[in-house]
Amino acid sequence: MADQFDLTVIGSGPGGYVCAIRAAQLGMKVAVVEKMPTFGGTCLNIGCIPSKALLHATELFEEAGHSFSHLGIDIAAPTLNLAQMMAHKDETVAANVNGVSFLFKKNKITAFEGLGSLLGGGRVQIASDKGAPQVIESKHIVIATGSVPATLPGIDIDEERIVTSTGALSLGAVPDRLLVIGAGVIGLELGSVWARLGAKVTVVEFLDRILPGMDSEVARQFQRILSKQGVEFRLSTKVKSIDRQEDGSLTARLEPAAGGDMAILDADVALVAIGRKPFTQGLGLEAAGVELDSRGRIVTGPHYGTSIESVYAIGDVIAGPMLAHKAEDEGIAVAEVIAGQAGHVNYGAIPAVVYTNPEIASVGKTEDELKAEGIDYKTGKFPFTANGRAKAMLATQGFVKILADVQTDRVLGAHIIGKNASEMIEALTVLMEFGGSAEDLARTTAPHPTLSEAIREAALMCGDGAIHI
Ligand code: FAD
Ligand code: NAI
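The written sequence of each chain sets the order in which its residues are numbered from 1. For naming, the first written chain is A and the first written ligand is 1, with later ones following in the order written. Restriction of local features to residues with pLDDT of at least 70 applies here, the model being predicted, together with a cutoff of 80 or more for giving and counting side-chain atom pairs; totals for whole chains, interfaces and linings are based on all residues. Just so you know, side-chain values use all the structure's heavy atoms and leave hydrogens and water out.

The condition that has to hold: UniProt positions are given in the numbering used here, feature names are shortened, and annotations may be inferred rather than shown by experiment.
The name given to the protein in an unreviewed UniProt entry is Dihydrolipoyl dehydrogenase, with the source organism recorded as Devosia nanyangense. Check the Catalytic activity (unreviewed entry) section of the UniProt entry for the protein; it says "N(6)-[(R)-dihydrolipoyl]-L-lysyl-[protein] + NAD(+) = N(6)-[(R)-lipoyl]-L-lysyl-[protein] + NADH + H(+)".

1. Topic: the site of ligand 2
Let me state the cut-off plainly: Here, proximity means that at least one heavy atom of the residue falls within 4 Å of the molecule or strand. In protein, a polar contact requires one atom able to donate a hydrogen and another able to accept it; more generally it is a pair of N or O atoms within 3.5 Å, and residues adjacent in sequence count only if both atoms are side-chain atoms. Per-residue and other accessible areas follow the Shrake-Rupley method at a 1.4 Å probe size, with only the shown protein chains counted as cover for residues. Only DSSP runs of H or I with at least four residues qualify as helices, and only runs of E with at least two residues qualify as strands; both kinds are numbered from the N terminus onward. Only Asp, Glu, Lys and Arg are considered charged, only Ala, Val, Leu, Ile, Met, Phe, Trp, Tyr, Cys and Pro nonpolar, and every remaining residue, Gly among them, polar. Bear in mind that the domain bounds are from an automatic or database domain assignment.
Taken together, 22 residues lie around ligand 2, and Ile186, Glu189, Glu205, Gly275 and Val353 are the ones closest in. One of the backbone N or O atoms of valine 185 is found 3.2 Å from an oxygen atom in ligand 2. In the model, an oxygen atom of ligand 2 is placed 3.0 Å from a nitrogen or oxygen of the methionine 322 main chain. If ligand 2 stood free it would expose 840 Å²; the protein chains cover 77% of that surface. No other element matches helix α6 (residues 185–196), which puts 3 residues into the shell around ligand 2. A breakdown of the residues in the shell around ligand 2 according to their chemical character gives 15 nonpolar, 3 polar and 4 charged. Counting contributing residues per domain, the shell around ligand 2 is built from domain 1 (3–148 + 277–345) and domain 2 (162–274), each supplying no fewer than three.

2. With respect to the state of the cysteines
Rules: Count a disulfide wherever a pair of cysteine sulfur atoms falls within 2.5 Å. Think of it in three bands: with a 1.4 Å probe and only protein chains considered, a residue is buried below 20% of the maximum accessible area for its type, exposed above 50%, and partly exposed in between.
Applying the stated criterion to the full structure yields 1 disulfide. Each sulfur in the disulfide pair cysteine 43 and cysteine 48 lies 2.4 Å from the other. Negative torsions about the S-S bond denote left-handed disulfides, and the value of about -130° found for cysteine 43 with cysteine 48 makes this one left-handed. In this model cysteine 19 remains outside any disulfide bridge; the closest cysteine sulfur is found in cysteine 43, 16 Å from its own. Residue class for cysteine 19 comes out buried when judged on its relative accessible area of 0%.

3. Details of the packing of helix α3 (residues 48–66) against α6
Our working definition: For helices, the axis comes from a line fit to the C-alpha atoms of the stretch in contact; other axes are also lines fit to C-alpha atoms, and the angle between any two N-to-C directions lies between 0 and 180 degrees. In a left-handed crossing the near helix is turned counterclockwise from the far helix by less than a right angle, and in a right-handed crossing that turn is clockwise. We call two residues contacting when some pair of their heavy atoms lies within 4.5 Å.
Where α3 contacts α6, the two axes come as close as 9 Å, and the packing angle between them is 35°. α6 is crossed by α3, and the crossing has left-handed handedness. Where α3 abuts α6, its residues Ser51, Lys52, Leu54, Leu55, Thr58, Glu59, Phe61 and Glu62 lie against Glu189, Leu190, Ser192, Val193 and Arg196. Residues belonging to the contact of α3 with α6 are distributed by class as follows: 5 nonpolar, 3 polar and 5 charged.

4. Examining the site of ligand 1
Lining the immediate environment of ligand 1, one finds 39 residues, of which Glu34, Thr42, Lys52, Gly116 and Ala324 sit closest. Cysteine 43 has a polar backbone atom sitting 3.4 Å from an oxygen atom of ligand 1. For ligand 1, the protein covers 94% of the area, taking 1,000 Å² as the surface of the free molecule. If you list the elements that add at least two residues to the shell around ligand 1, you get α1 (14–25), β2 (30–34), α2 (41–46), α3, β4 (115–120) and α9 (324–338).

5. Remarks on the domain arrangement of the protein
As a reminder of what qualifies: In short, buried area is how much 1.4 Å probe accessible area vanishes from two parts on joining, totalled over both. Only one rule defines a salt bridge in this text: a Lys or Arg side-chain nitrogen within 4 Å of an Asp or Glu carboxyl oxygen.
Assigned domains within the protein: domain 1 (3–148 + 277–345), domain 2 (162–274) and domain 3 (349–461). Each of domain 1 and domain 3 has a C-alpha centre, and the two are 30 Å apart. In this assembly, 11 residues from domain 1 lie in contact with 7 residues from domain 3. Summed over both sides, the interface between domain 1 and domain 3 buries roughly 760 Å², with carbon and sulfur atoms accounting for 70% of that surface. The largest share of the area that domain 1 buries against domain 3 comes from Lys52, Glu59 and His325, three residues that together contribute 41% of it. There are 2 salt bridges connecting domain 1 and domain 3. The salt bridge involving lysine 419 is made with glutamate 59; its shortest N-O contact spans 2.8 Å. Taken together, the elements giving at least two residues each to the side of domain 1 that touches domain 3 come down to α3 and α9. For the side of domain 1 that touches domain 3, the element with the most residues is α3, which contributes 4 residues. Counted by class, the side of domain 1 that touches domain 3 contains 4 nonpolar, 3 polar and 4 charged residues.

6. Quick word on unusual backbone geometry
Looking along the chain, the bond that leaves asparagine 357 and enters proline 358 is cis, with omega of 0°. Within the secondary structure layout, proline 358 lies in the loop between β18 (352–354) and β19 (359–364). A cis amide bond links histidine 448 to the next residue, proline 449, at an omega of -5°. Locating proline 449 in the fold gives a position in the loop between α13 (438–442) and α14 (453–461). Look at lysine 108: it is not a glycine, yet its phi comes out positive at around 55°. With respect to the element layout, lysine 108 can be found in the loop between α4 (82–106) and β3 (110–113).

7. Some words on a positive patch on the surface
The condition is simple: Each patch groups residues whose relative accessible area exceeds 30% and which form no salt bridge, using 9 Å between like charges and 5 Å between nonpolar side chains of Val, Leu, Ile, Met, Phe, Trp and Tyr. Note on charges: Lys and Arg go in the positive column, Asp and Glu in the negative column, and His and the chain ends are not counted at all. Note that the charge is assigned to NZ on lysines, CZ on arginines, CG on aspartates and CD on glutamates.
Taken together, Arg220, Arg224, Lys228 and Lys371 make up a surface patch of like positive charges. Position of arginine 224 relative to the elements: it lies in helix α7 (residues 216–228). Accessibility expressed as a relative area gives 53% for arginine 224, which makes it exposed.

8. Re the UniProt feature "binding site: FAD" (unreviewed entry) in the protein
Under the feature "binding site: FAD" (unreviewed entry), the UniProt entry names Lys52, Gly116, Thr145, Gly146, Ser147, Asp316, Met322, Leu323, Ala324 and His325. Over a stretch of 274 residues, the named residues are scattered through the fold, their C-alpha atoms separated by up to 29.7 Å. Note that glycine 116 resides in strand β4. Its relative accessible area of 6% is what places glycine 116 among the buried residues.

9. Focus: the sheet that holds strand β11 (residues 232–234)
For sheets, the rule is that strands pair by backbone hydrogen bonds, running either parallel or antiparallel. Which entries qualify depends on this criterion: Pairs of strands are assigned from DSSP output, requiring at least two bridges between the strands.
Strand order in this open sheet of 5 strands is β8-β15-β9-β10-β11, and the pairing throughout is parallel. Both edges of this open sheet fall to β8 (162–163) and β11, since each of them pairs with a single strand only. Bridging between strand β10 (residues 200–204) and β11 involves 3 bridges; their strand directions are parallel. Bridging from a neighbouring strand, threonine 202 pairs with glutamate 232 of β11. Where α6 meets the sheet, its contacts fall on β9 (177–181), β10, β11 and β15 (269–272), and the angle it forms with β9 comes to roughly 175°.

Quick look at the structure:
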């Protein structure tokens, strides 16, 4: 007889592994099926974690080379040991994926290595090259198979010269010239990594702005900052083709997005970072009758149920922002729903961060969205140039912007561009989760001296005005 489970989760990324742990905590007998040799999915293996390890290391490399002398620390110009930097990244990944293994054992979760597919009637097949396919039975199934990079027709990825984020996290040498296609989160984070190590980075973006979806004032200021860091932008431009030269270098043909004269751009490495697409290959969804939308995402109802009873889906493979914490929250919510509880995710208060220097962090509505929706809002904005701690840290770039409802003062959105913005946004997320007002925030004590005082001052700007400006 096949092994029986209360819940089988297909995919062990942040959506899948968190769902499995929460379900086990709620008393379910849980299986996880993962096709890769390590757990943690895109995020832990080839996404959030390795990219943040390289962003941290290269930021310190940049500071050692450029800011230390101003602080009275005179050192010889730092030299790069790329192999050691990559080893740090690999060790960070290993520690995190091993952590997931430990948590599976601790929570008595049974892990299967292989490609999971739906056979119908609660049966899941696990196929691996290590032996004959295995079949298990489960009362409930959660699909958490994530996403993979989108590619451009006619541009072949080899992960050495023409790379996705996966190759860009493991280059063996700093390219002299890096072409980045797409000015989204991956392009700007990984573009920053290699620019800090000495690459001449050119970002080609189809739209007339960077970071679509982010607040446009933040995006404009950030583009100016990155340009000063040496990153070159070609907006409203598309890459038509990339030719490989005999010496291995690349020649890209660029064309204005609206059509017009071609331009040539030579590069040593090209990073294709034009978005990600849901991954459902090999799951047997068509035979099982699971409905997909026009973008290949699994269609789900309000409680993550698919068109098949007792089959659910979460994370990058369904609609919504492709973010690890969104996948995790959905993992917890669906486990609670299956356990008969009221699992819920507040999609109005999911923060988003770009981990560059300075960082960008936002939660809730952008000014562009509020204008489009005709909502009457007020803006409180405070620059880090007027913040004492930021001056001490040589981190005066950027600002905090809070958007609040004119009638009720309720905070509708917040946008931070500045050092440590990723840590600061949590205060605003909690405030929004509790339906707080700008005045609530303005009356909350912030420790002095901290960068977070800029949040309070921005909240004061929504009312009678800040103290330090
Ligand atoms: P995934 O993490 O993609 O996991 C899916 C898992 O399912 C994979 O392990 C896959 O092997 C497995 N799988 C697929 N099909 C099957 C099958 N049939 N059988 C068995 N296993 C299967 N997000 C953030 O919030 N913050 C960040 O800083 C951040 N940085 C990123 C940096 C990069 C370079 C990239 C590429 C992404 C980054 N993201 C970040 C996005 C984040 O990685 C994803 O949103 C997140 O991993 C989605 O989680 P998931 O569980 O839905 O899917
Ligand atoms: P993205 O959607 O953030 O940006 C893609 C960019 O490419 C857009 O600006 C788009 O206009 C542009 N583009 C699309 N087609 C193009 C073309 N043919 N030529 C030129 N430009 C083109 O996607 P990205 O950066 O690939 O990231 C994928 C996902 O991973 C994102 O949805 C993001 O949420 C997630 N991620 C999150 C991170 C974080 O939270 N810090 C870090 C990295 C990724």
